[in-house]
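The lines below spell out each chain.
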Amino acid sequence: MTPYATHARRVAGTVGDSAPRPDGPLKVRGAFAYSSDLEAEGMLWGTTLRSPHPHARILSVDTSAALALPGVRAVLTHRDVPGRNLHGSMVVDQPVLAVDTVRYEGEPVAVVAAEDPETARRAAELVHVAYEVLPPVTDAEAALAPDSPAVHPAGNLLRHVPLRRGRAARGEPLTADVVVRGVYEVGMQDQAFLGPESGLAVPDPDGGVSLHVATQWLHVDHDQVVEALGLPREKVRLYLAGVGGAFGAREDLSMHAHACLLALRTGRPVKMCYTRGESFVGHVHRHPARMAYEHGATRDGRLVYVKASIVLDGGAYSSSSPAVAGTVATCSLGPYEVPDAEVDVRVVYTNNPPCGAMRGFGAVQTCFGYESQMDRLARELGMDPVELRIRNAVAEGSAVANGQVLDHPAPVAELLRRVRERPMPGPSLPEGGHLTGTTSRGESVVRGVGYAVGFKNVGFVEGFDDYSTARVRLEAGGGQVRAVVTSAAAEVGQGVVTVQAQIARTELGVEQVAVEFGDSAFGSAGPSSSSRQTYVTGGAVKAAAEAVRARVLERADRLLGRAGTATGLSGEAVTGAGGEVLCKLADVLGDGAVEETVEWHHRPTFPLDPHTGQGDSVFQFAFAAHRAVVDVDVELGLVRTVEIATAQDVGKAVNPQALLGQIHGGTVQGLGLALMEEIRVEGGLMQNPSFTDYLIPTVHDVPPMHVDVLELADPHAPYGVRGVGEPPNISSPAAVAAAVRDATGLALPRIPLRPEDVAGLTAADDAGGR
């Protein structure tokens, strides 16, 4: 074979390019098929009968009237669950269908399949359930009292994570020159994804069932559905359907087992699609938190110790609450050097809506607590709040709350300097003197500026075997070469499909890349959560592509007759050490494709010590800082966010445009938590389960946003990447709240901020001033 004289051309869409998303045009045009769009011939519709009570004993269930309704094909209760009538991704404590007790409003009691959705809903209304209503346990702190009624037989404490460092670990008293204390609260936030829970279950000829469902992790769902159905694993198959957003709300089962039960009972496909109101009670939410903090410092502003008692309301069932409590403890001190610490994190059962994973996973709540304290400490010391943060900021080589030494870049001080040094926005009010969205003419409008910095682990922690599986196949046909990447990584809108294609192009030097979704029979990719997919599934794709490339280069050497000549792949060609083209890749592949499958694990993590909360439990931390500028009408209690500046270290911007989307989206979700997003629960009953009453930011609420991206490579990560999706959601709420405090002079110890709080009309505002 004659070597080519030219150098290989560069392939577009590799790592570092803003490669377009393949699903982008379909979603913009409204042509993308979400799970709620699925249909099948002969399909029935399923619906769920839910408890109207937060706590009640079930005395009887009568399905006869529902079964007698024309068009109804099945009505199932817990007696019809053939396998284990319990599920749970961490603690198996939640019934598939309630047996004798309901523990929250909306708990599934029965499911119905009918010829059309209206008949299914009418039939559900005809199921008669006799309840003995019981007093609900609704206060998380009161639930810890010895005389509190028990939500579950084993008691209400779900997990306690103690953290002890320095003098606290030695049992010595914690004292300092300057001490500040504060109590802070965070309300219950919803993930507010647009696509409700939905899926289609299809009975298979072998007696099994196939479920097409919108989820964040096929394999953990598969494990639980198999147990509920009592079928061999191979007879239950899960496929990823189009996902309309997730943010943690799809980490638990919703309609999965119900649809499968109905399909197996009727022998026909069954579709289930929650209404918006049903969706609000059909998934977990962000944990409400109450945090009592005490910070001690020297008079020159060095943190000496932190004490904290943090209580999370886990709601009726466990979900991922134990892991959330671990994250809260690990992040409880903030990204600061703190030699001594005494922290207790408790998550408890109540009869409130279940809480679990949501973007930020506990780090959001504790960031609001410790950053509020840093502002309070700065005022006590008469220091600039940013200078106080910089003085105590961790850096590479520092130890964080769990005692883990940071062995990768940790540019906390640099992030703070960057947001501080950005030019301030212009005058308070737009021309005409009106504050957007209010009737104010400006006489009572005050500007405020607030800062916050936050951090969190990337990926799963505490010794969990967090890995991903990927298969890469390189093939030629018709003179063209393409790569096919297969993984079960759930595309939930974050762009993991695009990232996998970019990595394959980078490693194999080909333009055409197809990304296929693996089903539950393929190896697990882990969840699309905890900012981990680019790191972990990206690592798996990279490793598989590298293995393919090595085999192709061996082939090329044999073809060229010179061992070690072929050193790379670029521009669909085999290249030499100087980048020169040696031969076409298609010629090397011929009719024989090269395929490799890799199960890739990141470096190991370890459990936290159960007595001290110490241990190398995390494989990577990620950091971001925000500055918020707000205009506040102090008489009406209205807030306009004028501008947000943020700086974040991303390690490597794999897809810069998609990365900016993540930072914008996470920041806006944080803005929502600061100013408007809260599920109101009274007596265990949800008061606002709709997008009419549960407010989320619209385009009119989103200010200009300036994003400063640092690329400080993590030497342990593929391409040096760092998880991106959660950090912008962690420090943004605290920064916005700090800005409103700066404008009003009020303590404002609770988010979301309500107009009555901002106007100083609530008791919370007398908590010691700002």
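Residues numbered from 1 in each chain as written. Predicted model: local features only at pLDDT ≥ 70, side-chain atom pairs only at ≥ 80, totals over all residues. Heavy atoms only, no water.

Asks: Lay out the overall build of the protein chain in plain terms, naming residues and giving numbers.
Replies: Along its length, the protein chain carries 16 helices and 29 strands. Taken over C-alpha atoms, the radius of gyration comes to 27 Å for the protein chain, in line with the 27 Å a tight globule of 770 residues would show. Projected onto the principal axes, the alpha-carbon positions of the protein chain cover approximately 85 × 70 × 60 Å. When burial is assessed residue by residue, the protein chain has 61% of its 770 residues classed as buried. (Helix = DSSP H or I, 4+ residues; strand = E, 2+ residues; numbered from the N terminus. Rg over C-alpha atoms; globule rule 2.2 N^0.38 Å. Buried < 20%, exposed > 50% of the residue type's maximum accessible area, 1.4 Å probe, protein only.)

Asks: Describe in detail the sheet that holds strand β11 (residues 236-240), supporting the description with residues and values.
Replies: Reading across from one edge, β3-β5-β1-β12-β9-β10-β11 is the order of the 7 strands in this open sheet, with mixed pairing throughout. Since the sheet does not close on itself, it has two edges, and those belong to β3 (72-76) and β11, each with one partner. Pairs of neighbouring strands in the sheet enclose a mean axial angle of 20°, with direction left out of account. Relative to strand β1 (residues 44-50), helix α3 (residues 117-126) is tilted by about 25°, and along the sheet it contacts β1, β3 and β5 (108-114). (Pairing = 2+ DSSP bridges. Axes fitted to C-alpha atoms, helices over the stretch in contact; angles between N-to-C directions. Contact = heavy atoms within 4.5 Å.)

Asks: I'd like a rundown of the nonpolar core, residues and numbers included.
Replies: Counting residues in each nonpolar core, the largest one holds 97 residues, and the members touching the most others are Val345 and Phe623. Sequence-distant contacts of Val345, defined by excluding residues within four places in its chain, comprise Arg159, His160, Val161, Ile310, Leu312, Ala325, Val328 and Ala329. With 44 residues, the next largest nonpolar core counts Ala470, Ile503, Ala540 and Val541 among its residues. (Core = buried A, V, L, I, M, F, W, Y, C linked by side-chain atoms within 4.5 Å.)

Asks: Please provide a residue-by-residue account of the packing of aromatic side chains, values included.
Replies: Per the counting criterion, the structure on display carries 13 aromatic pairs. Look at Phe280 and Phe691: their rings are 5.6 Å apart centre to centre, the planes differ by 75°, and that puts the pair in the edge-to-face class. Here Phe691 lies in the loop between β27 (685-686) and β28 (705-710) and Phe280 lies in helix α6 (residues 276-282), a separation of 411 residues in the sequence. Here the aromatic rings of Tyr336 and Tyr370 are separated by 6.3 Å at their centres, their planes lie at 90°, and the arrangement is edge-to-face. You can see Tyr336 sitting in the loop between α7 (321-331) and β15 (340-349) and its partner Tyr370 sitting in helix α8 (residues 363-381), a full 34 residues away along the chain. Neither Tyr336 nor Tyr370 differs from the other in exposure class; each is buried. Cation over ring: Arg250 sits above Phe193, and NZ or CZ is 4.1 Å from the ring centre. For the cation-ring pair, Lys542 lies above Tyr719, with the distance from its terminal atom to the ring centre recorded as 5.2 Å. (Phe/Tyr/Trp six-rings, centres within 6.5 Å; stacked < 30°, edge-to-face > 60°. Lys NZ or Arg CZ within 6 Å of the ring centre and 35° of its normal.)

Asks: Outline the sheet that holds strand β16 (residues 445-457), listing residues and values.
Replies: Pairing is mixed in the open sheet, where 4 strands are placed in the order β16-β24-β25-β28. Strands with a single pairing partner mark the edges of an open sheet, and in this sheet they are β16 and β28. Each strand of the sheet is rotated relative to its neighbour by a mean of 15°, with strand direction disregarded. In this sheet, strand β24 (residues 621-633) lies alongside β16 in antiparallel orientation, the contact comprising 13 bridges. Considered in β24, the bridge of Gly450 is made with Ala628. Its contacts with the sheet place α7 against β16 and β24, and it is angled at close to 110° to β16.

Asks: Could you give an account of α8, naming the residues involved and the relevant values?
Replies: With 19 residues, α8 should reach 27 Å at 1.5 Å per residue; the first-to-last C-alpha distance of 26 Å fits that figure. Immediately beyond the C-terminal end of α8, within one or two residues, lies Gly382, with a positive phi of roughly 70°. (Expected span 1.5 Å × (residues − 1).)

Asks: Which residues make up the pattern of salt bridges, and what are the values?
Replies: Enumeration according to the criterion identifies 42 salt bridges in this entry. Measuring nitrogen to oxygen at the nearest pair gives 2.9 Å for the salt bridge that ties Glu294 to Arg181. Here Arg181 lies in strand β8 (residues 178-186) and Glu294 lies in strand β13 (residues 289-297), a separation of 113 residues in the sequence. Between Glu507 and Arg549 there is a salt bridge, with its nearest N and O atoms 2.8 Å apart. Of this pair, Glu507 sits in helix α11 (residues 496-508) while Arg549 sits in helix α12 (residues 533-560), and the two are 42 residues apart along the sequence. Three or more residues are tied together by salt bridges with common partners; here these are Glu141, Glu185, Arg290, Glu678 and Arg750. (Salt bridge = Lys/Arg side-chain N within 4 Å of Asp/Glu carboxyl O.)

Asks: Could you give an account of unusual backbone geometry, with specific residues and numbers?
Replies: Most peptide bonds are trans, and most residues other than glycine sit at a negative phi. Geometrically, the link from Ile751 to Pro752 is a cis peptide bond, its omega value of 5° lying close to zero. Looking at the secondary structure, you find Pro752 in the loop between β29 (750-751) and α16 (755-758).

Asks: Any details on the environment of Val186? Residues and values, ideally.
Replies: With respect to the element layout, Val186 can be found in strand β8. Here Val186 falls in the buried class, since its relative accessible area comes to 4%. Taking the C-alpha atoms as reference points, Val186 and Gln662, 476 residues apart in sequence, are found 23 Å from one another. Among all residues touching Val186, those that are not within four sequence positions of it are Pro288, Ala289, Met291, Gln365, Phe368, Leu673 and Ile751.

Asks: Residues and numbers for the side chain of Glu726, please.
Replies: Tracing the chain through its elements places Glu726 in the loop between β28 and α15 (727-744). Only 2.9 Å separates the side chain of Glu726 from the backbone nitrogen of Gly360, close enough to count as a polar contact. Setting aside its immediate chain neighbours within four residues, Glu726 contacts Arg359, Gly360, Phe361, Lys456, Asn457, Ser530 and Ser531. (Polar contact = N/O pair within 3.5 Å; in protein donor to acceptor, adjacent residues only side chain to side chain.)

Asks: Give me the pairing of strand β22 (residues 581-584): which residues, what numbers.
Replies: Across 3 bridges, the pairing between strand β21 (residues 573-575) and β22 is antiparallel. Across the sheet, the residue bridging to Ala573 is Lys584, located in β22. If you look at the hairpin formed by β21 and β22, you'll find 5 residues sitting between the two strands, and Gly579 has a positive phi there, around 85°.

Asks: Residues and numbers for the packing of helix α9 (residues 385-392) against helix α10 (residues 412-421), please.
Replies: Relative placement of two packed helices is described by the angle separating their axes and the distance separating the axes. Viewed as axis vectors pointing N to C, α9 and α10 meet at an angle of 160°, and their least axial separation amounts to 9 Å. The pairing of α9 with α10 is recorded here as roughly antiparallel in orientation. α10 is crossed by α9, and the crossing has left-handed handedness. For the pair formed by α9 and α10, the contact residues are Val386, Glu387, Arg389 and Ile390 on the first element and Ala413, Leu416, Arg417 and Arg420 on the second. Considering only residue class, the contact of α9 with α10 consists of 4 nonpolar, no polar and 4 charged. (Parallel < 35°, antiparallel > 145°, perpendicular 65-115°, else oblique. Left-handed = near helix turned anticlockwise from the far one by under 90°. Nonpolar A, V, L, I, M, F, W, Y, C, P; charged D, E, K, R; others polar.)

Asks: Give a detailed account of the state of the cysteines, specifying residues and quantitative values.
Replies: Scanning the entire structure with this criterion turns up 0 disulfides. The thiol of Cys367 is unpaired, and the distance to the nearest cysteine sulfur, on Cys331, comes to 9.2 Å. Relative accessible area serves as the criterion here: at 0%, Cys367 is assigned to the buried category. (Disulfide = S-S within 2.5 Å.)

Asks: Give a detailed account of the confidence of the model for the protein chain, specifying residues and quantitative values.
Replies: Confidence in the prediction of the protein chain, expressed as mean pLDDT, is 95, and 96% of residues score 70 or more. This model gives residues 765-770 a pLDDT under 50, and the stretch forms 20 contacts once residues within four places in sequence are excluded. (pLDDT = per-residue confidence, 0-100.)

Asks: Please provide a residue-by-residue account of α11, values included.
Replies: If you check α11, its first and last C-alpha atoms are 18 Å apart, about what 13 residues at 1.5 Å a residue would give, namely 18 Å. For α11, a buried count of 12 out of 13 residues is recorded, marking the element as mostly surrounded by other parts of the structure. Within α11, burial applies to Val496, Val497, Thr498, Val499, Gln500, Ala501, Gln502, Ile503, Ala504, Arg505, Glu507 and Leu508. Elements that come into contact with the buried residues of α11 comprise β17 (467-477), β18 (480-487), β19 (512-517), α12, β20 (568-570) and α13 (585-589).

Asks: Just give me the short version of the side chain of Thr537, but keep the residues and values in it.
Replies: As for its position among the elements, Thr537 is in helix α12. Within the local environment of Thr537, its side chain forms a polar contact with the side chain of Ser468, the two groups lying 2.7 Å apart. Leaving out residues up to four positions away in the same chain, Thr537 has contacts with Ser468, Ser487, Ala489, Gln500, Ala525 and Arg532.

Asks: Describe the packing of helix α14 (residues 656-675) against α15, naming the residues involved and giving the relevant values.
Replies: α15 packs onto α14 with a crossing angle of 40° between their chain directions and a minimal axis gap of 7 Å. Accordingly, the angle class assigned to the pair α14 and α15 is oblique. Both α14 and α15 take part in a crossing whose hand is right-handed. Here Gln662, Ile663, Gly666, Thr667, Gln669, Gly670, Leu671, Leu673, Ala674 and Leu675 of α14 come into contact with α15, specifically with Pro728, Asn729, Ser732, Pro733 and Val736.

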